[in-house]
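# Architecture and fold: a report
Next come the chains, spelled out residue by residue.
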Amino acid sequence: MPNNYKLGSIVIMKKAHPCGENKWEITRLGADIKIKCLGCGRSIMMPRIEFNKKLKKVVGGQNDETKA
Ligand SMILES: [Zn+2]
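Along each chain, numbering runs from 1 in the same order as the chain's sequence is written. Per-residue local features of the predicted model are confined to residues with pLDDT of at least 70, and side-chain atom pairs are confined, for both listing and counting, to 80 or more; whole-chain, interface and lining totals are unaffected and use all residues.

What follows deals with the overall build of the protein. Labels follow the DSSP assignment, with helices taken as runs of H or I lasting at least four residues and strands as runs of E lasting at least two, numbered in each case from the N terminus. Helix and strand counts for the protein stand at one helix and five strands. Element order for the protein, N to C, with α for helix and β for strand: β-β-β-β-α-β. Residue burial here comes from a neighbour count, namely the number of other C-beta atoms, placed from the backbone, that lie within 10 Å of the residue's own C-beta, with 20 or more meaning buried, 12 or fewer meaning exposed, and in between meaning partly exposed. A buried classification covers 10% of the 68 residues belonging to the protein. A residue pair is marked as a contact if its C-beta atoms, positioned from the backbone, fall within 7 Å. Sequence separation of at least 24 residues holds for 35% of the intrachain contacts in the protein that already meet a minimum separation of 6.

Spelled out as structure tokens, the structure:
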């Protein structure tokens, strides 16, 4: 279940950014989701449903409980 993301989570998308980085930080969580590329710092926004489709994995984040 890759859907336990939240604000500040680091996620991996199915498709890497053209800059070569594949890790993104969630900077806005709503009906639309905004993610920032950790490689080049560029942000993109997409509807949550599209984000869910493109999301591959949640790898952690500042607010993350890494115990489970
Ligand atoms: Zn990038």
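Tracing the sequence through the fold places leucine 29 in strand S2 (residues 23-29). With 16 C-beta atoms packed within 10 Å, leucine 29 lands in the partly exposed category. Residues leucine 29 and tyrosine 5, 24 residues apart in the sequence, show an inter-C-alpha distance of 9.4 Å. Dropping the residues within four chain positions of it, leucine 29 is found in contact with Lys6 and Leu7.

Here we take up the pairing of strand S3 (residues 32-37). For a regular strand, side chains alternate in direction, first toward one face of the sheet and then toward the other. Burial of the side chains of S3 is restricted to one face: Ile33, Ile35 and Cys37 are buried, whereas none of Asp32, Lys34 and Lys36 on the reverse face is. Two strands qualify as a pair provided DSSP detects at least 2 bridges between them. In terms of strand pairing, S2 meets S3 through five bridges, oriented antiparallel. Bridge assignment links tryptophan 24 to a residue of S3, and that residue is cysteine 37. A loop of two residues connects S2 with S3, the two strands running antiparallel in sequence. Judged from the five bridges that link them, S3 and strand S4 (residues 43-47) form a sheet pairing that is antiparallel. Within S4, the position partnered with lysine 36 by the bridge is serine 43.

Spatially, the five strands line up as an open sheet ordered S4-S3-S2-S1-S5, and their pairing is antiparallel. Taken across any chain shown, the strands that pair with only one partner, and hence form the sheet edges, are S4 and strand S5 (55-61). Averaged over all neighbouring strand pairs, the angle between strand axes comes to 35°, with direction disregarded. To obtain an axis, a line is fitted to C-alpha atoms, over the contacting stretch when the element is a helix, and the angle between two such axes runs from 0 to 180 degrees between their N-to-C directions.

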